[in-house]
Amino acid sequence: MRPIHHPSDLLLAEYAAGSLDEASALIVSAHLALCPHCRRAVADFECIGGALLEQVGGGGFDTQRRGQAVTAISADLSQQPVPRRDLSVADSIEAMIDVYGRGPWRWIGPGVYHRRIDLEDNGVRAFMLRGAPGTELPDHSHSGTELTLVLKGEFSHELGRFGVGDMEAADGGIRHAPRIGNEECICLVAMAGTIRLRGLLGRLIQPFVRL
């Protein structure tokens, strides 16, 4: 099944321009490996960006400066992780993550585990979450932004169901309590700020959660 929850057009445009922080770019890259629809959208944004650059170049942007701009953009894009064509999609995403290195799985709450990724850029950090089947995460909100991509299994909450390849964008205005489906769920996350846990269980484990 193809993803049904996608990055916003703004996020895809920022990715195409190479202006995303590296942690968010990793999440979008992994989604693109699973989503032909968004791959086409990024290609369109790249074409639009190239056309706009040519127009600017024709209106007083001299050859030297245009060349410098193209070089800078190419350098930014070359830093973004991309799928390897000689690997399966799943193995390609694993290879993207392994570029940065990662720690062991650590318990952070009943049925929930966290895995550090050695990546933080502009205050946005990447990590992985794993939830046991049927686990309901505590009701929570966010002090900053969060991008979550499902790599295995599924979760659901008030805003819908998210399966493999689906990406959710959350911020301080969203409050939810995700519930894991009937199989283990593994997600890749880019987060700025922290999670704000609510309810009795949330208050009990908040001191131990450093997300």
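The structure contained in this document is the topic of the report that follows. Every chain is numbered on its own, with residues counted from 1 as its sequence reads. In keeping with the predicted nature of the model, local features appear solely for residues at pLDDT of at least 70, side-chain atom pairs appear and are counted solely at 80 or more, and the whole-chain, interface and lining totals rest on all residues. Just so you know, side-chain values use all the structure's heavy atoms and leave hydrogens and water out.

**Some thoughts on the sheet that holds strand β9 (residues 179-180)**
One key point about sheets: their strands pair by backbone hydrogen bonds, in either a parallel or an antiparallel sense.
Part 1 of the reasoning: An order of β7-β6-β9 is seen for the three strands of this open sheet, with the pairing classed as antiparallel. Each of the sheet's edge strands pairs with one partner strand only, and the pair in question is β7 (160-162) and β9.
Part 2 of the reasoning: With two bridges connecting them, strand β6 (residues 155-157) and β9 associate as antiparallel partners. The residue bridging Phe 155 from the neighbouring strand is Ile 180, located in β9. Two strands are said to pair when DSSP picks up at least two bridges between them. Numbering goes from the N terminus for both helices and strands, where a helix is a DSSP run of H or I of at least four residues and a strand is a run of E of at least two.

**Section: the pattern of salt bridges**
Part 1 of the reasoning: Definition used for salt bridges: Asp or Glu carboxyl oxygen within 4 Å of a side-chain nitrogen of Lys or Arg. Counted under the stated rule, the structure contains seven salt bridges.
Part 2 of the reasoning: For Glu 94, the salt bridge identified is with Arg 102, shortest N-O distance 2.5 Å.
Part 3 of the reasoning: Overall, the relative accessible area of 31% leaves Glu 94 in the partly exposed class.
Part 4 of the reasoning: Of the charged contacts in the structure, one is a salt bridge between Glu 184 and Lys 152, with a shortest N-O distance of 3.1 Å. Pair noted here: Glu 184 is in the loop between β9 and β10 (185-192) and Lys 152 is in strand β5 (residues 146-152), with a separation of 32 residues, a long-range link.
Part 5 of the reasoning: The exposure class of Glu 184 is partly exposed, given its relative accessible area of 26%.
Part 6 of the reasoning: Working definition: with a 1.4 Å probe on protein chains only, accessible area under 20% of the residue-type maximum means buried, over 50% means exposed, and in between means partly exposed. Under the relative-accessibility criterion, Lys 152 is labelled partly exposed at 34%.
Part 7 of the reasoning: Sharing partners across several salt bridges, the network here consists of Glu 94, Asp 98 and Arg 102.

**Some thoughts on the pairing of strand β2 (residues 112-121)**
Part 1 of the reasoning: Here five bridges tie strand β1 (residues 102-109) to β2, and the two strands are oriented antiparallel to one another. Pairing of Gly 109 across the sheet is with Val 112, part of β2.
Part 2 of the reasoning: Here β1 hands over to β2 after two residues, with Gly 111 in that stretch at a positive phi of 80°.
Part 3 of the reasoning: What sits between β2 and strand β3 (residues 124-131) in their antiparallel hairpin is a turn of two residues, with Asn 122 showing a positive phi close to 55°.

**Description of unusual backbone geometry**
Part 1 of the reasoning: In this structure, Asn 122 takes a positive phi of about 55° despite not being glycine.
Part 2 of the reasoning: With respect to the helices, strands and loops of the structure, Asn 122 is situated in the loop between β2 and β3.
Part 3 of the reasoning: The class of Asn 122 is exposed, set by a relative accessible area of 71%.

**Considering the sheet that holds β10**
Part 1 of the reasoning: Sheet architecture is open: six strands sit in the order β1-β2-β3-β10-β5-β8, paired in antiparallel fashion. The open sheet is flanked by β1 and β8 (167-170), the only strands paired with a single partner. Ignoring which end each strand starts from, the neighbouring axes of this sheet average 25° apart.
Part 2 of the reasoning: Sheet topology note: the β5/β10 ladder contains six bridges and is antiparallel. Residue pairing across strands places Val 150 opposite Cys 187, the latter belonging to β10.
Part 3 of the reasoning: When checking whether two residues touch, look at their non-hydrogen atoms; a contact exists if any pair is within 4.5 Å. Between N-to-C directions, angles cover 0 to 180 degrees, with each direction set by a line fitted to C-alpha atoms, over the stretch in contact for helices. Its contacts with the sheet put helix α5 (residues 89-98) on β1, β2, β3, β5 and β10, and the angle it makes with β1 is roughly 95°.

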